[in-house]
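Results of the structural survey
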Amino acid sequence: MLGDIAGTAPLREALETTNTLLEQVLDELRRVNADGLVTVAQELRAVRDALPAPEPR
């Protein structure tokens, strides 16, 4: 639609650049979140392993 309106090429280019940058940010956030979840899981396992074993009933 924007391609049909004269003078919108700079706007279209800016939007394409913005979308590209947002995709890169989203990819980085996904990576950081995944790494963070792995770290939290490892820390929780370490805490669990450090706890005394439960008494048998």
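A brief look at the structure comes next. Treat the numbers as computed from the prediction; the structure is a model and nothing was measured.

**Here we look at the pattern of salt bridges**
- Within the structure shown, the criterion is met by four salt bridges.
- In this structure, arginine 31 engages glutamate 28 in a salt bridge whose closest nitrogen and oxygen atoms are separated by 2.6 Å. On the criterion of helical spacing, the pair formed by arginine 31 and glutamate 28 is a turn pair, its members being three residues apart in helix α1 (residues 9-50).
- The partner of arginine 48 in a salt bridge is aspartate 49, with the nearest N and O atoms 3.3 Å apart.
- The class of arginine 48 is exposed, set by a relative accessible area of 52%.
- With a relative accessible area of 55%, aspartate 49 lands in the exposed category.
- It is possible to trace a salt-bridge network through shared partners that takes in Glu28, Arg31 and Asp35.

**Regarding the environment of glutamate 28**
- The exposure class assigned to glutamate 28 is partly exposed, which follows from its relative accessible area of 39%.
- When the C-alpha atoms of glutamate 28 and aspartate 49 are compared, they prove to be 32 Å apart, with 21 residues separating the residues in sequence.

**Things to note about the environment of leucine 44**
- Inspection of the secondary structure assignment puts leucine 44 in helix α1.
- What makes leucine 44 exposed here is its relative accessible area of 55%.
- When the C-alpha positions of leucine 44 and glycine 7 are compared, they lie 56 Å apart, and in sequence the two are 37 residues distant.

Here is what the cut-offs are and how they apply
Residues numbered from 1 in each chain as written. Predicted model: local features only at pLDDT ≥ 70, side-chain atom pairs only at ≥ 80, totals over all residues. Heavy atoms only, no water. Salt bridge = Lys/Arg side-chain N within 4 Å of Asp/Glu carboxyl O. Helix = DSSP H or I, 4+ residues; strand = E, 2+ residues; numbered from the N terminus. Buried < 20%, exposed > 50% of the residue type's maximum accessible area, 1.4 Å probe, protein only.

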